[in-house]
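Close look at the chain arrangement
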Amino acid sequence: SKSRQADLFQVVPDIDLEELVKYAGERNVGIILWAGYYAFARDMEKVCKHYSAMGIKGFKIDFMDRDDQKMVDFHYKAAEMTAKYHLLVDFHGSYKPTGLNRTYPNVINFEGVHGLEQQKFADSSIDQVTYDVTIPFIRQLAGPMDYTQGAMCNATKENFSPVYSEPMSQGTRCHQLATYVIFESPLNMLCDNPSNYNREPECTEFIANIPTVWEKTVALDGKVGEFVAIARLHGNDWYVGALTNWDAREVELDLSFLGDGNYKLELFKDGI
C-alpha cells in the first residue's frame, strides 16, 4: 500500500497488480502480497474478497508482534477468512506456532524465530551460527519457521558487521544452503539481492528446486548448540543437510536406511 497509509486498497500507482497477476499466471507463478497486520485486520473480508477475485494467491501478514488474547484471536480470524477466499497465509512477525495450521491448512508458515533479517539490525556480538544449530532442537519442534534464509554474502565471525543496506550472513555459503534441508519451511523467501543470485547460479538452482514439503525425515546426528544433520525424502530424492557451529568437525553419517542400490550423489561443499 502507499507509504504510511494503512489501507490495502491504496496501491502504489506504479504497480499494476492485475498485469502482474496475468504475467505471472502465464508462467505458472502465483503472487502473494505482503501486508501489515493493522491494515489487513481493519478491512479483512473486503481485502480477502477483492484480492482473491483479482487472482492473488495469499498474504504474508506482518507486525503482529504479540501473543496476547486479542492477537491470538486475530490469527484465528485471519486463518478462517483467508480459507474462505481460498488464500494461503504466512504469519510473519508472529509468535511461535501452536497448531493453527492443523486446523487451517492454508496457514503455510510462521515466523516466531530470530531469523536471518535480524543480522541487518543486531550489533556485531550476534551469534547466528550457534543459533542455527540450536533452533532445530527447540523452536522447530513447535512447527515450521519462516526464517528467510538464502544469503549469498557470507562472513566469518571476525569479518561480520551488521549493514542494513547490504546485509550479510554469518557462516559459509553452504551453511545457508543446508538450512533449506534442516529448517522446516513450506514457504521460503529468497532474502538476497537478485544480482547476487545471478552471480551464483549453482546455489540459486539448488534453492529454486529444493522441495518445500517432505515425505520422510531422518534425524542423523546432532547436539544442541553444536551441530545437526538431517535427511529428508521427497519423491525418489533424499536431501541431506548438515550444520555446525563455528567449530570445524568431521561427522560420520549412517545412511544405511537408504538400503542397497546405486545412488547418484550431488555434493555442495565450501571452497577454501
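Each remark here, short or long, concerns the structure printed above.
About the cut-offs
- Residues numbered from 1 in each chain as written.
- Predicted model: local features only at pLDDT ≥ 70, side-chain atom pairs only at ≥ 80, totals over all residues.
- Heavy atoms only, no water.
- Axes fitted to C-alpha atoms, helices over the stretch in contact; angles between N-to-C directions.
- Helix = DSSP H or I, 4+ residues; strand = E, 2+ residues; numbered from the N terminus.
- Parallel < 35°, antiparallel > 145°, perpendicular 65-115°, else oblique.
- Left-handed = near helix turned anticlockwise from the far one by under 90°.
- Contact = heavy atoms within 4.5 Å.
- Nonpolar A, V, L, I, M, F, W, Y, C, P; charged D, E, K, R; others polar.
- Core = buried A, V, L, I, M, F, W, Y, C linked by side-chain atoms within 4.5 Å.
- Buried < 20%, exposed > 50% of the residue type's maximum accessible area, 1.4 Å probe, protein only.
- Salt bridge = Lys/Arg side-chain N within 4 Å of Asp/Glu carboxyl O.

Some points on the packing of helix α3 (residues 44-54) against helix α4 (residues 69-84)
Look at α3 against α4: their axes get within 9 Å of each other, and the N-to-C directions meet at 30°. Considering the angle they form, α3 stands roughly parallel to α4. Where α3 crosses over α4, the two elements pack in a sense that is right-handed. Residue-level contacts link Met44, Glu45 and Cys48 of α3 to Phe74, Lys77, Ala78, Met81, Thr82 and Lys84 of α4. Here the residues of the contact of α3 with α4 sort into five nonpolar, one polar and three charged.

A few points about the nonpolar core
Within the largest apolar cluster, 30 residues are counted, with the highest numbers of intra-cluster contacts made by Phe40, Tyr51, Phe59, Ile61, Phe74, Phe91 and Val107. At the level of secondary structure, the elements contributing two or more residues to this core comprise α1 (17-25), β1 (32-36), α2 (37-42), α3, β2 (58-62), α4, β3 (88-91) and β4 (107-110). Non-local contacts of phenylalanine 40, meaning those with residues more than four positions away in its chain, are made with Leu8, Val47, Cys48, Phe59, Ile61, Phe74, Ala78 and Thr82. Counting 13 residues, the second largest nonpolar core, distinct from the first, contains Leu116, Ile135, Ala178 and Ile182.

Thoughts on the environment of tyrosine 147
Take tyrosine 147: it is sitting in the loop between α7 (128-132) and β5 (154-155). Residues tyrosine 147 and phenylalanine 110, 37 residues apart in the sequence, show an inter-C-alpha distance of 8.6 Å.

Let's talk about the pattern of salt bridges
Applying the stated rule across the entire model yields eight salt bridges. Residue glutamate 26 is joined to lysine 22 by a salt bridge in which the shortest nitrogen-to-oxygen separation is 3.2 Å. When the shortest N-O distance is used, the salt bridge between aspartate 68 and arginine 66 registers 2.8 Å.

Read these as geometric descriptors, not functional statements.
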